[in-house]
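If you want the building blocks of each chain, they are given just below.
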Amino acid sequence: MADSPLVWWRRQGLRFRLTVAAAAVLALALAVSASVLVSVLERALMDTVDESTRQTAQAVRVAADAGTLTSPISTHDGTIVQVVDAGGRITHVTYGTDRLVPLLDAQARDKVLKRGQATVLDGRPYAIPGFLRVIVLSADHGQTVIAARPISEIQTSLVTAGRVLLVGTPALIVLLAVASWLMIGRTLRPIAALRRGAADITHTARSRRLPVPQSRDEVYSLATTLNGMLARLEEAEQRQRALVSDAAHELRSPLASIRLQLEVALGHPEGQDWRETAEGVLEDTMRLSRLAEDLLALARLDERGGVPARQEPVELDEVVRQTVDRYAEARLTVCDPVVVRGDALDLSRVLTNLMDNAVRHTSSKVEVALTADGVLTVTDDGPGIPEQDRERVFNRFTRLDSGRSRDEGGAGLGLAIVRETVRAHGGTVVLEDAAPGLRAVVRLPVSR
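Our subject in this report is the structure included herewith. Keep in mind the model is a prediction, meaning the values are calculated, not measured.

1. Examining the overall build of the protein chain
Point 1. Each helix and strand in the protein chain was counted, giving 10 helices and 12 strands.
Point 2. Rg of the C-alpha trace for the protein chain: 50 Å, well past the compact-globule value of 22 Å for 448 residues, more than 25% over.
Point 3. Dimensions along the principal axes, computed over C-alpha positions, put the protein chain at roughly 155 × 50 × 45 Å.
Point 4. Each of the 448 residues in the protein chain was classed as buried or not, and the buried ones make up 35%.
Point 5. In the form shown here, the protein chain has an accessible surface area of approximately 27000 Å², with 57% of it arising from carbon and sulfur atoms.
Point 6. Distance between charge centres in the protein chain, computed from 54 positive and 56 negative side chains, equals 10 Å.

Structure below.
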């Protein structure tokens, strides 16, 4: 089954379609322009002939009214003139003009007089080749002046102009179509370069970028936007690879510990304390469980693209009270009523991670405060974190040496989850010096 014209048109290349569209618009514009030109030229020439004929007829009428007409009537521009009296008899004519039959009969003369405009008359019945433009004026004593002028030269000029336009317009269209084809091809050349550059980018050449044209036009904006997208994709891929690598490294340690403990227990069952072995395996299993939960939380945050799972009013002061009550070392100093919009479980996880870090490193106590402007602080009196490391600890799988040396230390994902979650809720989180200790400051937008 043959394709419809619309389907065929859509399958053609952009260069072909733009060229054809430009040529079609140009052809229509030139056709309209040619038609208007011929019409205006014809109207102007006819108006010139009518004005000249009317002036001649006016001069004859003035002479007829004064009784000074000569026979034959002389005209300098070849105008044919007949003067008809009240009885319909021709009294005066120009040289070589019919003296017996008026160019217009009485009814036709009256019609032209009432209309006040020139009329077209076929001159062949009067032995005059071609058509005539006829003017009729009324004189004294019932006389009528009929003035006519041949327009064969005007018609010949119009035909010649039409032929020139008929031949020249298609040639001009073809010329401009060729020029459009070349110009459009040159315009699309940067896009072809972008296509070739995109085809060269593979998994083994991820760092390559698309060529950017020198001209600051739409193609330049497209190229820079696509290069920015490639940079973001490359960064995301690098982060994903780093996450997989770090996750594999973190998983290897507890799995190796579990395997070693089980191999030793099975190799020496007679001298093995199975309860101690079970407790060690359980501890490593809990570490694996916490790591899996953290990885799942990060994956969900990445999947949502920085948007909370829910957007509902959350009484943050109640979340703080319930979380702090689970820690014996924690003391709630200030807890003003605060309502924010977001996910209560995610916000609870934020505070839990901060509390776990504070309890893990504190010397004696952990203080928690929530003010009415949505500022949540968790302060411990531990060794703190050097200023140069306070931003780095928010990266995934980042642990300071002091944290790595402790068996109860996490996988380095807690603060990363805190920052991603707080950002998803439109807030910020920073670490400050508490002298002694460390203070985590979370600022969340308050729902009014």
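2. Comments concerning the side chain of Thr144
Point 1. When you line up the elements, Thr144 lands in strand E5 (residues 144-150).
Point 2. In this structure, Thr144 is in contact with Gln82, Val83, Val84, Arg109, Val136 and Leu137, ignoring residues within four places of it in sequence.

3. Here's the deal with the pairing of strand E2 (residues 90-93)
Each regular strand displays side chains that alternate between the two surfaces of the sheet.
Point 1. With 3 bridges connecting them, strand E1 (residues 80-84) and E2 associate as antiparallel partners. Paired with Val84 across the strands is Ile90, a residue of E2.
Point 2. The turn joining E1 and E2, which pair antiparallel and follow one another in sequence, is formed by 5 residues; a positive phi near 90° is taken by Gly88.

4. Thoughts on a nonpolar patch on the surface
Point 1. Together, Trp8, Phe16, Val20, Val174, Val178, Trp181 and Leu182 make up an exposed nonpolar region whose accessible area comes to about 640 Å².
Point 2. The greatest single-element share of the nonpolar patch, amounting to 4 residues, is contributed by helix H4 (residues 152-200).
Point 3. Tracing the backbone shows Leu182 in helix H4.
Point 4. The class for Leu182 is exposed, based on a relative accessible area of 54%.

5. What to know about empty space enclosed by the protein
Point 1. In the structure shown here, the tally under the stated rule is 1 cavity of 30 Å³ or more.
Point 2. Size it by volume and the largest cavity reaches roughly 60 Å³.
Point 3. Taken together, Leu316, Val319, Val320, Leu347, Val350, Leu351, Leu376, Val422, Val442 and Leu444 make up the lining of the largest cavity.
Point 4. Those elements giving two or more residues to the lining of the largest cavity turn out to be helix H7 (316-324) and helix H8 (344-361).

6. As for the sheet that holds strand E9 (residues 366-370)
Where strands meet in a sheet, backbone hydrogen bonds hold them as pairs that are either parallel or antiparallel.
Point 1. Read from one edge of the open sheet, 5 strands run E7-E9-E10-E12-E11, paired in mixed fashion. Each edge of the sheet is formed by a strand with only one pairing partner; in this case those strands are strand E7 (330-335) and strand E11 (428-433). In this sheet, adjacent strand axes meet at a mean angle of 15° when their direction is disregarded.
Point 2. As paired strands, strand E10 (residues 375-380) and strand E12 (residues 438-443) are joined by 6 bridges and run antiparallel to one another. Paired with Val378 across the bridge in E12 is Ala440.
Point 3. The strands that H7 touches are E7, E9 and E10; relative to E7, the one it contacts most, it runs at about 165°.
Point 4. Packed on one face of the sheet, H8 meets E7, E9, E10 and E12 and runs near 20° to E10.

7. As for unusual backbone geometry
Point 1. With an omega of 0°, the peptide bond between Ala435 and Pro436 qualifies as cis.
Point 2. With respect to the helices and strands, the residue Pro436 is situated in the loop between E11 and E12.
Point 3. Despite not being glycine, His141 has its phi angle at roughly 60°, a positive value.
Point 4. Note that His141 resides in the loop between strand E4 (131-138) and E5.
Point 5. Here His141 falls in the exposed class, since its relative accessible area comes to 70%.
Point 6. With phi around 45°, Ala435 is a residue other than glycine that occupies positive phi space.
Point 7. Relative to the elements of secondary structure, Ala435 occurs in the loop between E11 and E12.
Point 8. With relative accessibility at 62%, the residue Ala435 sits in the exposed group.

8. A few points about the packing of H7 against H8
Point 1. It is at 10 Å that the axes of H7 and H8 come closest, and there the two elements cross at 45°. The orientation of H7 relative to H8 falls into the category oblique. By crossing handedness, the relation of H7 to H8 is classed as right-handed. Only Leu347, Ser348, Leu351 and Thr352 of H8 make contact with H7, whose side of the interface consists of Leu316, Val319, Val320 and Thr323.
Point 2. Split by residue class, the contact of H7 with H8 holds 5 nonpolar, 3 polar and no charged.

Definitions and limits used
- Residues numbered from 1 in each chain as written.
- Predicted model: local features only at pLDDT ≥ 70, side-chain atom pairs only at ≥ 80, totals over all residues.
- Heavy atoms only, no water.
- Helix = DSSP H or I, 4+ residues; strand = E, 2+ residues; numbered from the N terminus.
- Rg over C-alpha atoms; globule rule 2.2 N^0.38 Å.
- Buried < 20%, exposed > 50% of the residue type's maximum accessible area, 1.4 Å probe, protein only.
- Areas by Shrake-Rupley, 256 points an atom, 1.4 Å probe, with all protein chains shown as cover.
- Lys, Arg positive; Asp, Glu negative; His and termini not counted.
- Charge placed at Lys NZ, Arg CZ, Asp CG, Glu CD.
- Contact = heavy atoms within 4.5 Å.
- Pairing = 2+ DSSP bridges.
- Patch = residues over 30% accessible without salt bridge, like charges linked within 9 Å, V, L, I, M, F, W, Y side chains within 5 Å.
- Salt bridge = Lys/Arg side-chain N within 4 Å of Asp/Glu carboxyl O.
- 1 Å grid on protein atoms, 1.4 Å probe; cavity = no way out; pocket = protein on both sides within 12 Å on 5 of 7 lines; lining within 4 Å.
- Points joined across faces, edges and corners; volume = space filled by probe spheres on them.
- Axes fitted to C-alpha atoms, helices over the stretch in contact; angles between N-to-C directions.
- Parallel < 35°, antiparallel > 145°, perpendicular 65-115°, else oblique.
- Left-handed = near helix turned anticlockwise from the far one by under 90°.
- Nonpolar A, V, L, I, M, F, W, Y, C, P; charged D, E, K, R; others polar.

Shape is all these values report; function is a separate question.
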